[in-house]
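Descriptive structure summary
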Amino acid sequence: MQIFSTKRAQKVLDNGAADATESQINLALSNRQRILNKVLHSVSLSPYIDQVKTLFSLLQDYVKGDYREIPWWSLGSIVTALLYILLPFDAMPDFIPIAGFLDDAVVLKLCLDMITKDLVTYTQFRAQEVSKTSEAGS
């Protein structure tokens, strides 16, 4: 069995980011629970559960208009990585024990690596929002 390469993952993300649409953002958000369940129940993906939750939070804030300080390419990469997790028959079909989710993990990890700066900026934004909310409630 050929291992899913980082080069192939890069191609998946590049193609997905280039073709990303608002409707795909909504599709990812509407499948949030299904994606989270797959992540939680996969040995390869479960270490990324907190990051996946952050990605969903970012997408939700983008859709609501609360956060727009992210390049479209990064949004497209996020949506591509999340929706890739849903595909049962991708490069390595998910029903293959252990290996089935390895390609999903490679795509997700590469996405996280590529958008690290955007995620740091977003988490700082969220921290400021929480701080403002707690100050207003005092």
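Residues numbered from 1 in each chain as written. Predicted model: local features only at pLDDT ≥ 70, side-chain atom pairs only at ≥ 80, totals over all residues. Heavy atoms only, no water.

Here the focus is the packing of aromatic side chains. Summed over the entire model, instances satisfying the criterion amount to four aromatic pairs. Both rings, one in tyrosine 67 and one in phenylalanine 125, keep their centres 4.8 Å apart while their planes meet at 45°; by these two values the pair is tilted. Residue tyrosine 67 is found in the loop between α4 (49–64) and α5 (72–86), and its partner phenylalanine 125 is found in helix α7 (residues 116–137); the two are separated by 58 residues along the sequence. This pair shows no difference in class: tyrosine 67 is buried, exactly as phenylalanine 125 is. One aromatic cluster is present, formed by Tyr67, Tyr122 and Phe125 through successive ring pairs. Between arginine 68 and the ring centre of tyrosine 62, over which it is positioned, the NZ or CZ distance is 4.0 Å. (Phe/Tyr/Trp six-rings, centres within 6.5 Å; stacked < 30°, edge-to-face > 60°. Helix = DSSP H or I, 4+ residues; strand = E, 2+ residues; numbered from the N terminus. Buried < 20%, exposed > 50% of the residue type's maximum accessible area, 1.4 Å probe, protein only. Lys NZ or Arg CZ within 6 Å of the ring centre and 35° of its normal.)

A word on the pattern of salt bridges. Across all of its chains, the model carries five salt bridges by this definition. Lysine 109 is the salt-bridge partner of aspartate 113, the closest N and O atoms lying 2.7 Å from each other. Of the two residues, aspartate 113 and lysine 109 both sit in helix α6 (residues 102–114), four residues apart, roughly one turn of that helix. Of the residues examined, lysine 109 reaches a relative accessible area of 35% and is grouped as partly exposed. Among the charged side chains, a salt-bridge network with shared partners connects Asp61, Lys64, Asp66 and Arg126. (Salt bridge = Lys/Arg side-chain N within 4 Å of Asp/Glu carboxyl O.)

Let us look at the environment of isoleucine 25. Examined against the element boundaries, isoleucine 25 turns out to sit in helix α2 (residues 22–30). Assessed through its relative accessible area of 2%, isoleucine 25 is described here as buried. Taking C-alpha positions, isoleucine 25 is 9.6 Å from leucine 82, a pair spaced 57 residues apart along the chain.

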